Amino acid sequence: MKIHLGIVLALRLDAVAPFSAPSRLGEARRQLLVWSTLEREIVLDDSPAFADGTPGSGTTLTTPEKSDDNRPPGERENDTFQCDPSVWRWRGFQSDELHTAAENLAQMTSIASRFVRKGPKAASYWARHAGRTSYFAANAALGTAASQLHSSLTGTAQSSPINNLNSDIASRLILEAFLSYEQDYAKIEGGEYSEPWDMKRGHRQSSPINVATQTSRFVSEAIGTLARRGRQAEEDKNTWITDKASPDLYPEYYRTAFHYQTDGWMSKRSADVYETSTETLFLGRQDCMQRTALQPLVDFSKGRDPKLGPLRVLEVACGTGRFMTFMRDNLPLNTECTAIDLSPYYLDAARENDEYWRKFRREEGMDGAIKPLRCVQSKAEELPFEDGSFDAVVCVYLYHELPRDIRAQVSSEMARVLGKDGILVFADSIQKGDRPILDSALGNFGNMNEPYYGDYINDDLPRHFFSAGLTPKTKTVCSTTKALTFQKE
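Calculation criteria
- Position labels on residues start from 1 in each chain and follow its written sequence.
- The predicted nature of this model means local features are confined to residues of pLDDT at least 70 and side-chain atom pairs, given and counted, to a pLDDT of 80 or more, with totals for whole chains, interfaces and linings taken over all residues.
- Side-chain calculation: all heavy atoms of the structure are included, whereas hydrogens and water are not.
- Note on terminology: a nonpolar core comprises buried Ala, Val, Leu, Ile, Met, Phe, Trp, Tyr and Cys residues joined through side-chain atoms within 4.5 Å.
- Burial classification: accessible surface area is computed with a 1.4 Å probe over protein chains only, and a residue below 20% of its type maximum counts as buried, one above 50% as exposed, and the rest as partly exposed.
- By definition, any uninterrupted DSSP run of H or I lasting at least four residues is a helix, any uninterrupted run of E lasting at least two residues is a strand, and each is numbered from the N terminus.
- Contact between two residues is taken to exist if any of their heavy atoms lie within 4.5 Å; hydrogens are not considered.
- Strands pair, by our definition, only if DSSP identifies at least two bridges between them.
- Between N-to-C directions, angles cover 0 to 180 degrees, with each direction set by a line fitted to C-alpha atoms, over the stretch in contact for helices.
- Only protein atoms enter the 1 Å grid used here, on which a cavity is any set of points holding a 1.4 Å probe that cannot leave and a pocket is any open set flanked by protein within 12 Å on both sides along at least five of seven lines; residues with an atom within 4 Å of a point are listed as lining.
- Grid points are joined across faces, edges and corners, and a volume is the space filled by probe spheres set on the points.
- Under this grouping Gly is polar, as are all residues other than the nonpolar Ala, Val, Leu, Ile, Met, Phe, Trp, Tyr, Cys and Pro and the charged Asp, Glu, Lys and Arg.
- Whenever a carboxyl oxygen of Asp or Glu lies within 4 Å of a side-chain nitrogen of Lys or Arg, that contact is scored as a salt bridge.
- Any helix carries an expected span of 1.5 Å times its number of residues minus one.
- What sets the label is the angle itself: under 35 degrees gives roughly parallel, over 145 gives roughly antiparallel, 65 to 115 gives roughly perpendicular, and the rest give oblique.
- Aromatic rings from Phe, Tyr and Trp, with only the six-membered ring used for Trp, were paired whenever their centres fell within 6.5 Å, and each pair was classed as stacked if the ring planes differed by under 30 degrees, edge-to-face if by over 60, and tilted otherwise.
- Working rule: Lys NZ or Arg CZ, within 6 Å of ring centre, within 35 degrees of ring normal, means a charge sits over the ring.
- A crossover gets the label right-handed when its path from the first strand over the helix to the second runs clockwise, viewed with the strands pointing away from the viewer.

*Asks:* Where do I start with the nonpolar core in this structure?
*Replies:* The nonpolar side chains of a soluble globular protein tend to be buried with one another. With 54 residues, the main nonpolar core has Tyr-125, Trp-126 and Met-327 as its most contacted residues. The biggest single contributor to this core is helix 6 (residues 167-189), with 7 residues. Sequence-distant contacts of Tyr-125, that is, excluding residues within four places in its chain, are made with Phe-115, Tyr-181, Asp-184, Tyr-185, Ile-188, Pro-196, Met-199, Cys-288 and Arg-291.

*Asks:* I would appreciate a short explanation of the sheet that holds strand 2 (residues 312-316) in the present structure.
*Replies:* Sheets are built from strands that pair by backbone hydrogen bonding, the pairs being arranged parallel or antiparallel. Here 8 strands make up an open sheet; going across it, the order is 1-7-8-6-5-2-3-4 and the pairing mixed. Whereas interior strands pair on both sides, the edge strands pair on one side only; in this sheet they are strand 1 (82-83) and strand 4 (374-377). With 6 bridges connecting them, strand 5 (residues 390-396) and strand 6 (residues 418-429) associate as parallel partners. The partner of Phe-390 across the bridge, within strand 6, is Leu-418. Contacts between helix 10 (residues 294-302) and the sheet are confined to strand 5, strand 6 and strand 8 (481-487), with strand 6 contributing the most and set at about 165° to the helix. Each of strand 3 (336-341) and strand 4 touches helix 12 (residues 344-363); the most contacted strand, strand 4, lies at about 175° to it.

*Asks:* Sorry if this is basic, but what is going on with the layout of surface pockets here?
*Replies:* Where empty space is left becomes clear once a probe the size of a water molecule has been rolled over the atoms. For the largest pocket, the calculated volume is near 970 Å³. Lining the largest pocket are 33 residues; nearest its centre among them are Gln-205, Asn-210, Gln-214, Glu-275 and Arg-322. Taken together, the elements giving at least two residues each to the lining of the largest pocket come down to helix 5 (120-153), helix 7 (208-231), helix 8 (268-281), helix 11 (322-330) and helix 12. With 7 residues, helix 5 is the single largest residue contributor to the lining of the largest pocket. Residue composition of the lining of the largest pocket, by class: 10 nonpolar, 11 polar and 12 charged. For the second largest pocket, the lining is made up of 30 residues, of which Gln-295, Pro-296, Asp-299, Thr-474 and Thr-476 are closest to its centre. Looking at the lining of the second largest pocket, the elements with two or more residues in it are strand 1, helix 6, helix 10, strand 6, strand 7 (471-478) and strand 8. Counting residues per element, the lining of the second largest pocket draws most heavily on strand 7, at 5 residues. Of the residues contributing to the lining of the second largest pocket, the split by class is 10 nonpolar, 12 polar and 8 charged.

*Asks:* Teacher, can you tell me more about the environment of Gly-321 here?
*Replies:* Tracing the backbone shows Gly-321 in the loop between strand 2 and helix 11. Each C-alpha atom, one on Gly-321 and one on Ala-350, is 4.0 Å from the other, the two residues being 29 residues apart in sequence. The contact partners of Gly-321, leaving out residues within four places of it in the chain, are Ala-350 and Asn-353.

*Asks:* Looking at this structure, I do not really get the pattern of salt bridges. What am I missing?
*Replies:* Side-chain pairs of opposite charge can arise where the charged atoms are in close proximity. Tallying each qualifying case throughout the model produces 39 salt bridges. Ionic contacts of the salt-bridge type, sharing partners, join the residues Arg-132, Asp-198, Glu-279, Asp-287 and Arg-322 into one network.

*Asks:* Just to check I follow, could you spell out helix 8 for this structure?
*Replies:* The periodicity of an α-helix, 3.6 residues per turn, causes residues three or four positions apart to be oriented the same way. If you check helix 8, its first and last C-alpha atoms are 20 Å apart, about what 14 residues at 1.5 Å a residue would give, namely 20 Å. Buried-residue contacts for helix 8 involve helix 5, helix 7, helix 9 (286-290) and helix 12. Phi for Leu-283, located one or two positions after helix 8, is positive at around 55°.

*Asks:* Please explain the packing of helix 4 (residues 101-117) against helix 5 as it appears in this structure.
*Replies:* Packed helix pairs are specified by the crossing angle of their axes together with the interaxial distance, meaning the distance between the axes. Where helix 4 meets helix 5, the axes come as close as 6 Å, and the angle between the chain directions of the two elements is 140°. Between helix 4 and helix 5, the interaxial angle falls into the category oblique. Of the residues in helix 5, those in contact with Ile-111, Ala-112, Phe-115 and Val-116 of helix 4 are Ala-122, Ala-123, Tyr-125 and Trp-126.

*Asks:* Quick question: what am I supposed to make of the packing of aromatic side chains here?
*Replies:* Here a ring pair, both rings aromatic, is described through the centre-centre distance and the interplanar angle of the planes. Taken as a whole, this structure holds 24 aromatic pairs when the rule is applied. When the ring of Tyr-250 is compared with that of Tyr-254, the centres are 6.1 Å apart and the planes differ by 10°; the resulting orientation is stacked. Neither Tyr-250 nor Tyr-254 differs from the other in exposure class; each is buried. With centroids separated by 4.4 Å and ring planes inclined at 25°, the aromatic side chains of Phe-465 and Phe-486 adopt a geometry described as stacked. Taken together, the residues span a long stretch of sequence, with Phe-465 in helix 15 (residues 461-467) and Phe-486 in strand 8 at a distance of 21 residues. The residues Phe-465 and Phe-486 share a single accessibility class, namely buried. Within the aromatic cluster, the residues linked to one another by ring pairs are Phe-81, Tyr-399, Phe-426, Phe-465, Phe-466 and Phe-486. Looking at Arg-204, its charged tip hangs above the ring of Tyr-356, at a distance of 4.0 Å from the centre. Residue placement shows Arg-291 over the ring face of Phe-326; its charged tip is 5.1 Å from the ring centre.

*Asks:* Which parts of the structure should I look at to understand the side chain of Glu-221?
*Replies:* Tracing the sequence through the fold places Glu-221 in helix 7. Apart from residues lying up to four places away in sequence, Glu-221 is in contact with Arg-228, Gln-261, Thr-262, Arg-269, Val-273 and Ser-277.

*Asks:* Please explain the pairing of strand 3 as it appears in this structure.
*Replies:* Regular strands have side chains that alternate between both faces of the sheet. A large share of strand 3 lies buried, amounting to 5 of its 6 residues. In terms of strand pairing, strand 2 meets strand 3 through 5 bridges, oriented parallel. Looking at the pairing, Arg-312 lines up with Glu-336 of strand 3. Between the parallel elements strand 2 and strand 3, the chain passes through helix 11 in a crossover that is right-handed.

This is the structure:
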């Protein structure tokens, strides 16, 4: 299941221990670290601070059977993968001193100017995505205001972290979204994948009715989520499958309301609000972060011999299927796509998203040989497919919600169903060592009922895949998401 990270405005700064920091940064840096960590945000400098020659870039090393390397996992794996320059740029952004709001705004202005200078296509991308950030920022403000009003009326008023959000921090959070867009557009401009299909004229997400509906759903969800986050009560972690009498299909680790969202993963209401909630959290850049997993898949497709037949792709833990539509929009039309998830409600959403994408393509005269998405309800650690059934396997935002032993099982299963010379693309949250500046506070996200996140950020993820017989290939970072690729040789 894709991650519903919660609502950033639910996270109280006063719940986090103070950080040690140089006196020049003081309390402002401490607040930024808390917000950056719990929202999982830190900003990438757009200046070429690092080059391809940085240690670890362009280098693939063998992995020892046993390692006494005590470096954090995110740093250690840089010696093993061929690292994209983004790994070093995101690692180095404002790592020594906090920029002021004026400096952040100047950089945002520079980004806008660069987009405009590139021409109408780039300017259109920029305008749509700047508007996207504005919309989701407004959602965050509305959700917080509604939650505060509800708390006051019910006599459970709580302070809001938005009161501690100064202009330096706010501008930096927006700057990160802008930098993510610039990174995404560089891939589009370079022909590595196409522009998002939801930018096209006539897409439903631009409909005023759809916008109003999604905002209404989000505000309603925010009231409940923030209240549960404030109470921190055990009963608020329960869902209807918490009952031990529920079917064995749902394992113990799954029987909780992750992030205090309504019904966890187990209701239509949860699935309906998921995409809006997560994009509100990230101020509109979640799609860009997920597309770090798109480029290696497209590259693999382009290098594959068409004589081998249609490309067979599996997405594990597909959630609402939104990322699947971006994959399908960039792969050959005859690609055979399968998606698995444990939630029947999210599978329904994935099926509906796929149907809408195919309808959209038919109206453009591009339906051709497109087959409907095959949706299967299944646990990731027990995939119901034969060995070597797929040419490519993709997994986005799953591992941080799994116990370590289950991560190992899922890795083994994905490797099993992957065919010879196939590619596995993994994307999830950064870990300790990916952003050293965040390491001391990264685990605080577990307070949003993320029971396995503290272990995830310390886990040696590549070793799960090495043990399953896969070879490490590339690493890319965008904001607080990293993508790792492996090959079955």
